[in-house]
Amino acid sequence: MAYTGLKYCVFAPITTEEPFSPIVYGKGVVLGKMISANITMTRNSDPLYADDAIAESDNSITGGTISLNLDDIDDAARVSAFGVLKEGEPGSETYSETGDPTPYGGLGYIRVRKRKGVTSYVAYWVHKCQIAINTDSANTKESTITWQTPTVDGTIMAAYPNADKKARFRDYASFATQADAYSWINEKAGIA
């Protein structure tokens, strides 16, 4: 299978997280149009040696990191996803970055897949992560335009949203239509 596209980055802040119960998310926001998404899962990798060889190995997931490159992030998304404070009257708002931690939330996106000539859509949902814009670079306009887009980095954490008491990190589902993939993510993120 091959992936040919990436779209629809959504973040929804966690409002309630009780162990072994479904996570409740606040209203989700679209972070921006997607350019790239890179997820790296961290796994247990210490093998057990016996009789001078590896006798057992544990390859389970313990967490992960996520890096997103987006075209832009509007102010409403910065308030919801990054904990930026909005102050002032409409039309003269001020946005402040503080030392407070960014909120925990769920994050979703869609990959476009082509397999045996058929296009389908794979929707992903990261149950719990904490994301931030760590680098904010700017360049002057020269003889040609250099596009400057934000990169969002974060940590993927274990969540326990089910009664089975297993750590969950990410769900995904495949859909024949783009509309169904959007609906699946919107339901998870509380977007009407």
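The structure we're discussing is the one just above.
Residues numbered from 1 in each chain as written. Predicted model: local features only at pLDDT ≥ 70, side-chain atom pairs only at ≥ 80, totals over all residues. Heavy atoms only, no water.

Points about the overall build of the chain
Assigned secondary structure in the chain consists of 2 helices and 13 strands. The C-alpha extent of the chain, read off along each of the three principal axes, is 70 × 45 × 35 Å. Looking at the chain as a whole, 33% of its 192 residues are labelled buried. Considering only contacts in the chain between residues 6 or more positions apart, those separated by 24 or more positions represent 65%. Carbon and sulfur atoms make up 48% of the accessible area of the chain, which totals about 11,700 Å². Taking the average place of the 18 positive charges on the side chains of the chain and the average place of its 23 negative ones, the gap between the two points comes to 11 Å. (Helix = DSSP H or I, 4+ residues; strand = E, 2+ residues; numbered from the N terminus. Buried < 20%, exposed > 50% of the residue type's maximum accessible area, 1.4 Å probe, protein only. Contact = heavy atoms within 4.5 Å. Areas by Shrake-Rupley, 256 points an atom, 1.4 Å probe, with all protein chains shown as cover. Lys, Arg positive; Asp, Glu negative; His and termini not counted. Charge placed at Lys NZ, Arg CZ, Asp CG, Glu CD.)

Digging into the state of the cysteines
As enumerated under the stated definition, the model contains 0 disulfides in all. For the unlinked cysteine Cys129, the closest cysteine sulfur is that of Cys9, found at 8.9 Å. (Disulfide = S-S within 2.5 Å.)

With respect to helix 1 (residues 75–82)
Spacing of three or four residues puts side chains on the same side of an α-helix, whose turn is 3.6 residues. Buried within helix 1 are the following residues: Ala77, Ser80, Ala81 and Phe82. All buried residues of helix 1 lie within an arc of 160° about the axis, which places them on one face of the element. Its side-chain oxygen 3.2 Å from the backbone nitrogen of Ala76, Asp74 forms the N-cap of helix 1. Once helix 1 finishes, Gly83 follows within two positions and takes phi at roughly 75°, a positive value. (Arc of directions from axis to C-beta. Polar contact = N/O pair within 3.5 Å; in protein donor to acceptor, adjacent residues only side chain to side chain.)

Considering the environment of Thr146
Mapped onto the secondary structure, Thr146 falls in the loop between strand 11 (118–135) and strand 12 (151–156). Residue class for Thr146 comes out partly exposed when judged on its relative accessible area of 47%. Along the sequence, Thr146 and Ser96 sit 50 residues apart, while their C-alpha atoms lie 27 Å from each other.

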